[in-house]
Amino acid sequence: MKYVSTRDASAAPRAVSSAEAILRGLAPDGGLYMPTEIPRLTDAELTALLPLSYAERAAEILSRFLPDYDRAALSDDCAVSYADDRFPGGAAPLLEFERGVHALELWHGPTCAFKDMALQIMPRLLSRALSMSGERRQAHILVATSGDTGKAALEGYRDVPGVRITVFYPLDGVSPMQKRQMTTQPGGNVNVCAVRGNFDDAQNGVKAIFADGALARRADEAGFFFSSANSINWGRLAPQIVYYVSAYCDLVRGGTLKMGEKMNVAVPTGNFGNIFAACVARAMGVPIGRLLCASNANCVLTDFIRTCVYDRRRVFYKTMSPSMDILISSNLERLLWLLGGPSQTALCMQALARDGVYTAPETTMTSLRRLFSGYTASEAETAETIRSTWERAQYLIDPHTAVGLCAVRQYRAETGDERPVVLASTASPYKFTADVLASLGRPAVTDDPAALLDALHKVSGTPIPAPLERTLTLPIRFTRAVEKEEMAGVLFGN
Ligand SMILES: *Cc1c(COP(=O)(O)O)cnc(C)c1O
């Protein structure tokens, strides 16, 4: 199996190995890497996964997508990445909190958000790709973050050999807890720096560094090169396929489904990476019925699924599910490629870049609608979903997960399809304490992170995740703030 660009429509597309796809991130023509074929899992092979641990299932699935990686090395990497000390109580536990609705809790990792599922293992995959390719320079990972990704990347890359990481965050654009999480980050190869400006300033600064030839030469002379931990990298997508396969195994093992019976999947969606991973699991042969794509007020995907028109020219809303405040869902490109091939994908992406809008071909949309339904949750519906779930089931969910659950409820009311549904639960409610408290009708009067954790704990009686509590006791290591013109200097130690 090789990897090709989603925009390469030539008769013999340029194919690279999985290690190369992970090293490069983006293809040279601006497309995303996709495997030339999706490996199939037979019922017998799925059955063989049932007794395995999460780490063992992960090694089994990943080895099919990363054939040039050494199998034993993959097993080691999975064992370390998904061990109990990183994911206390298991990597992706399922919990049925409402009849037929199973939360797939993806937030038991070191930063309490689902990005950990990929970012705990991805740095190891990159590190191995570096040594397979004979690269002698260090990779210097640059991240601009609006909150969750930066912390998850820092935790994933800390003390990984051959790599260092610098995270830039907007000085006044992250929550007090997110800032605290990043500025206390331990590790010998990490750096964190605030930028005076908003998220776009930080993001544009990082893009400018990547595009600057003179900086690349200076880095080369200093023995490193710049690389990204972006969510369009296949090394972030592949590990996400695993938890959908694993959830199916757990439903069969727990007696909810017989082998071969289908589950539905609901995913609170931003960049379309998480739900696309579920789509790949389905293409592998995991019995999945419908994929419910849940959006907040930035409902560009719901509109797309319903109208065939992807239009980013619209008002941008800041919501209480900020990780889904996105108008360009980059990984949708992979789905377009899978359903319609490279020529039309390239055309759609050109139109999006040029005009901010495209209309997908009818044939592609017919296939897409056979798999996906799209739903939107307003801010009021999101808050109401948090509250009603707490009142009915004493189960506390974060605003992102609530958007997903709202989609489940709309879908069930509309179709009467009562098939068991796996709901991707993407963050701990303790990461969004102020909004969760307000949704429960108990708004907080403080923005002190410790007081907020305490308040939610008192209201709900649920345990505060240890990593968040620990953060509050760690010393602050990184206090530097720079102008956006000064960002490059940070990378060269001045
Ligand atoms: C990143 C993120 C999402 C969106 O996931 P995509 O893969 O970008 O669609 C949803 N919820 C949380 C908490 C996130 O951090």
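The present account deals with the structure reproduced in this document. (Residues numbered from 1 in each chain as written. Predicted model: local features only at pLDDT ≥ 70, side-chain atom pairs only at ≥ 80, totals over all residues. Heavy atoms only, no water.)

1. Some words on the packing of helix H14 (residues 332-340) against helix H15 (residues 342-355)
Between two packed helices, the angle of one axis relative to the other and the distance separating the axes together describe the packing.
Part 1: Orientation of H14 relative to H15, taken along the N-to-C sense of each, is 145°, at an axis distance of 7 Å. Where H14 crosses over H15, the handedness of that crossing is right-handed. Counted together, Glu333, Leu336, Trp337 and Gly340 of H14 and Pro342, Gln344, Thr345, Cys348 and Met349 of H15 form the full contact between these two elements.
Part 2: Of the residues that constitute the contact of H14 with H15, the class distribution is five nonpolar, three polar and one charged. (Axes fitted to C-alpha atoms, helices over the stretch in contact; angles between N-to-C directions. Helix = DSSP H or I, 4+ residues; strand = E, 2+ residues; numbered from the N terminus. Left-handed = near helix turned anticlockwise from the far one by under 90°. Contact = heavy atoms within 4.5 Å. Nonpolar A, V, L, I, M, F, W, Y, C, P; charged D, E, K, R; others polar.)

2. Quick look at the sheet that holds strand E5 (residues 138-144)
Strand pairing in a sheet takes place through backbone hydrogen bonds and is either antiparallel or parallel in direction.
Part 1: Spatially, the five strands line up as an open sheet ordered E8-E5-E6-E7-E15, and their pairing is parallel. Looking at the sheet topology across the chains shown, the edges are occupied by strand E8 (224-228) and strand E15 (481-482).
Part 2: Note that E5 and E8 share five bridges and pair parallel. Note on E8: the bridge partner recorded for Ile141 is Ser227. (Pairing = 2+ DSSP bridges.)

3. What to know about the nonpolar core
Part 1: Of all hydrophobic cores here, the largest spans 112 residues; its most connected members are Tyr82, Tyr157, Ile241, Tyr244, Tyr358 and Phe372.
Part 2: It is helix H11 (residues 234-253) that contributes the most residues to this core, 13 residues altogether.
Part 3: What Tyr244 contacts, discounting residues up to four positions off in sequence, is Leu104, Met263, Val265, Val267, Asn274, Ala277, Ala278, Ala281, Val286 and Ala424.
Part 4: Counting residues in each nonpolar core, the second largest holds 37 residues, with Cys112, Tyr411, Leu423 and Ala427 among its members. (Core = buried A, V, L, I, M, F, W, Y, C linked by side-chain atoms within 4.5 Å. Buried < 20%, exposed > 50% of the residue type's maximum accessible area, 1.4 Å probe, protein only.)

4. Digging into the side chain of Thr401
Part 1: With respect to the helices, strands and loops of the structure, Thr401 is situated in helix H18 (residues 399-415).
Part 2: Assessed through its relative accessible area of 1%, Thr401 is described here as buried.
Part 3: Side chain to side chain, Thr401 and Asp398 meet in a polar contact 2.5 Å long.
Part 4: With near-sequence residues (within four places) excluded, Thr401 lies in contact with Pro268, Leu423, Ala424, Ser425, Thr426 and Ala427. (Polar contact = N/O pair within 3.5 Å; in protein donor to acceptor, adjacent residues only side chain to side chain.)

These figures capture arrangement, not role.
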